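So the chains spell out like this:
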Amino acid sequence: MQLTLWTYEGPPHIGAMRIATAMRGLHYVLHAPQGDTYADLLFTMIERRNHRPPVTYTTFQARDLGGDTAELFKTAAREAYARFQPQARIVGASCTAELIQDDPGGLAAALDLPVPVVPLELPAYQRKENWGASETLYQLVRKMAGPSVPPPGTKPERDPARPARCNILGPTALGFRHRDDLREVRDLLQRLGVDVHVVAPLNATPADLARLGEADFNILLYPEVALLTAQWLQRSFGQPMVKTVPIGVGATKAFIREVAELAGVDPAPALDDPRSRSTWYARSVDSTYLTGKRVFVFGDATHAVAAARVVSQEFGFQVVGIGTYSREFAREVRDAAKLYGVEPLITDDYLEVEAKVAELQPELVLGTQMERHIAKRLGIPCALISAPMHVQDFPARHAPQMGFEGANVLFDTWVHPLMMGLEEHLLTMFRGDFEFHDGAAASHLGHGAAKPLPVADTPAEPVAAAPEAAVAEAAQPIVVTGWAPEAQKELQKIPFFVRGKARRNTERFAAERGVSLITVETLYDAKAHFSR
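Residues numbered from 1 in each chain as written. Predicted model: local features only at pLDDT ≥ 70, side-chain atom pairs only at ≥ 80, totals over all residues. Heavy atoms only, no water.

Chemist: How would you explain the side chain of Glu354 if you had to name every residue and give the values?
Modeler: Along the chain, the position of Glu354 falls in helix H15 (residues 350–360). Discounting residues that sit within four places of it in the chain, Glu354 has contacts with Ile374, Arg377 and Leu378. (Helix = DSSP H or I, 4+ residues; strand = E, 2+ residues; numbered from the N terminus. Contact = heavy atoms within 4.5 Å.)

Chemist: Can you explain the sheet that holds strand S2 (residues 55–57)? Please cite residues and give values.
Modeler: One open sheet holds the 4 strands; their spatial order is S2-S1-S3-S4, and the pairing between them is parallel. The two strands at the open ends of the sheet, each matched to only one other strand, are S2 and strand S4 (117–119). The average undirected angle you get between the axes of adjacent strands in this sheet is 20°. When strand S3 (residues 88–93) meets S4, the two strands line up parallel, connected through 3 bridges. Across the sheet, the residue bridging to Ile90 is Val118, located in S4. Along the sheet, helix H3 (residues 69–84) makes contact with strand S1 (26–31), S2 and S3, crossing S1 at roughly 160°. Packed onto the sheet, helix H5 (residues 129–145) meets S1, S3 and S4 and runs at close to 140° relative to S4. (Pairing = 2+ DSSP bridges. Axes fitted to C-alpha atoms, helices over the stretch in contact; angles between N-to-C directions.)

Chemist: Just give me the short version of the pairing of strand S5 (residues 165–169), but keep the residues and values in it.
Modeler: Burial of S5 is extensive: 4 of the 5 residues sit out of reach of the surface. Relative to strand S6 (residues 195–200), S5 runs parallel, the two being bridged by 5 bridges. Looking at S6, one finds that Leu169 is bridged to Ala200. For the handedness criterion, the β-α-β arrangement of S5, helix H6 (residues 178–192) and S6 is classed as right-handed. In terms of strand pairing, S5 meets strand S7 (residues 217–220) through 4 bridges, oriented parallel. Paired with Asn167 across the bridge in S7 is Asn218. (Buried < 20%, exposed > 50% of the residue type's maximum accessible area, 1.4 Å probe, protein only. Right-handed = clockwise from strand over helix to strand, strands pointing away.)

Chemist: Which residues make up the sheet that holds strand S8 (residues 241–242), and what values do they have?
Modeler: As summarised here, the arrangement of the 4 strands in space is S6-S5-S7-S8, forming an open sheet in which the pairing is parallel. Looking at strand neighbours, the two that pair on one side only are S6 and S8, the edges of this open sheet.

Chemist: Any chance you could break down the packing of H3 against helix H4 (residues 104–111) for me, citing the residues and the numbers?
Modeler: Packing of H3 against H4 brings their axes to within 10 Å, and their N-to-C directions diverge by 55°. As the angle between them shows, H3 and H4 are arranged oblique. Between H3 and H4 lies a crossing whose hand is right-handed. Residues Ala70, Phe73, Lys74, Ala77 and Arg78 of H3 touch H4, and the partners they reach there are Pro104, Leu107, Ala108 and Leu111. Among the residues making up the contact of H3 with H4, the classes are represented as 7 nonpolar, no polar and 2 charged. (Parallel < 35°, antiparallel > 145°, perpendicular 65-115°, else oblique. Left-handed = near helix turned anticlockwise from the far one by under 90°. Nonpolar A, V, L, I, M, F, W, Y, C, P; charged D, E, K, R; others polar.)

Chemist: Pulling in residues and values, what's your account of the packing of aromatic side chains?
Modeler: Scanning the model with the defined rule gives 8 aromatic pairs in all. Centre to centre, the rings of Tyr281 and Phe411 are 5.6 Å apart; their planes meet at 85°, and the pair counts as edge-to-face. With Tyr281 in helix H11 (residues 278–283) and Phe411 in helix H17 (residues 403–415), this pair connects stretches of sequence that are 130 residues apart. Overall, the relative accessible area of 4% leaves Phe411 in the buried class. (Phe/Tyr/Trp six-rings, centres within 6.5 Å; stacked < 30°, edge-to-face > 60°.)

Chemist: I'd love a proper account of the pattern of salt bridges, names of residues and values included.
Modeler: Going through the model one piece at a time under the given rule, you end up with 24 salt bridges. With a shortest N-O distance of 3.5 Å, Lys74 and Glu71 are connected by a salt bridge. Of the two residues, Lys74 and Glu71 both sit in helix H3, 3 residues apart, roughly one turn of that helix. Residue Lys74 is classed as partly exposed on the basis of its relative accessible area, which comes to 23%. (Salt bridge = Lys/Arg side-chain N within 4 Å of Asp/Glu carboxyl O.)

Chemist: An account of the nonpolar core is requested, with residue identities and associated values reported.
Modeler: Counting 108 residues, the largest nonpolar core has Tyr28, Leu366 and Trp414 as the members making the most contacts within it. The leading source of residues in this core is H5, at 8 residues. Dropping the residues within four chain positions of it, Trp414 is found in contact with Ala307, Val310, Val311, Phe315, Leu364, Leu366, Ala383, Leu384 and Ile385. Counting 16 residues, the second-largest nonpolar core is a separate cluster that includes Tyr8, Val320, Met370 and Ala375. (Core = buried A, V, L, I, M, F, W, Y, C linked by side-chain atoms within 4.5 Å.)

Chemist: Which residues make up H3, and what values go with them?
Modeler: Helix length check: H3 (16 residues) gives 23 Å between terminal C-alpha atoms against 22 Å at 1.5 Å per residue, within 8%. Three or more residues of H3 are buried, namely Thr69, Ala70, Phe73, Ala76, Ala77, Ala80 and Tyr81. One side of H3 holds all its buried residues, which, seen down the axis, span an arc of 130°. In H3, the exposed residues that point more than 90 degrees away from the buried face are Glu79, Ala82 and Arg83. Buried residues along H3 sit in contact with S1, S2, S3 and H4. Immediately downstream of H3, the backbone of Gln85 shows phi near 50°, a positive value. (Expected span 1.5 Å × (residues − 1). Arc of directions from axis to C-beta.)

Chemist: Describe the pairing of S7, with residues and values.
Modeler: Across the two faces of S7 the burial is the same, with Phe217 and Ile219 and Asn218 and Leu220 all buried. Direction of pairing for S7 relative to S8: parallel, over a ladder of 2 bridges. Pairing of Asn218 across the sheet is with Met241, part of S8. Handedness of the β-α-β unit built from S7, helix H8 (residues 223–237) and S8 comes out right-handed.

Right under this line is the structure:
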């Protein structure tokens, strides 16, 4: 465990809360001290839910540690059942309560209440939030669907008279655009004529989990949450899984074909979507100007790998760095990094990420809430692609990441922070204008008259040095005193995103050659030198 200012993931009991909050008819009894109730705010304030998570805290205090904290848990569990009457319960301990070892699972079983109880063993000092969500969903599905597992060797049979049906696994509460992604995926399945049997855990009940085995196959939207569950369903019920995550136009089409193959239907009705505009936009004249932009990608493994693929294959950007905080899925990110010839960054330390961004100096950062702060501090455009996120990343509008409409959202979100070609062309064209140059005040705000464009002073004619001072003067390093007006104007023609580097290189070139005043000829000589 590490003391830190920011963290990419919370402790594993937060992951369990995401599952419980997503579902209906489930209640979570959490053995936790008074301060751990802060977790409610993640859902009510950041996700803007209109109801509290279905969680009962024992909220023991320091003075209770000398008494019977186990009795506090049993009392809280009885009262929670009497008040909420859930279909099933999950019980566990927070990172602090784990230290007192009260065994919530054993205590809940001893109460003998007439609902299923799923005890959670979530090692808070070894694991984190996404693992906690994955483990909670897995244990719930095993508990509820386990009794209906067929005998080993039984082959699943599908009634040819009914449409194919699937389960959608992975959407949770507090997930990055999970609500909107689900809507897009449902729309794709409807176009294919595939029925959605159960969505889990979002809006599912424990009774719904018991019916998961009735589907023909599973769609794995978020591997960090649902891969373990999908693998168990495949072993137990013989259900294949769709592993392609439909982020980007190419992946959406691959997803459609994979689903169609499992369902035995024609993929054509879903492949041609008139809403798909991002491909043409990425090929348009102004967007083509963005080709080759250098991008750094960081987030959970699913979104980081997908984002890198989209920016490189569909937008024409260059991936200069990729990383993840999801250590359980580090292999997938390492494999992706090999495709782009970069070194993967596997870390949950935001300071390492900041150092990497500062070293690479990309023109765009695609990351989490943390990378947004880092990029802002470094003056680099940024767009969010993954949890953790803040309140502004739960928009009231429909804003998916998946499907064809999701690809449109990605284009708008990722390209708009960058300066477009026409915009820069106009800025360059009018840079010398008295109203529009870099030093001009905003004319429409009335903050004062525009100042003339600053131009380097022309140095006075050099004065011949006295012979006795010549040796001492020669020993001093040459200092660049300024830029000639013509060189300054020529420098302004260089694109803004490399202008600073061009200026530094030219000044270094001049200093090394004893040139004190940079002229147009010096600028072009430096360009030729550094282009070799």
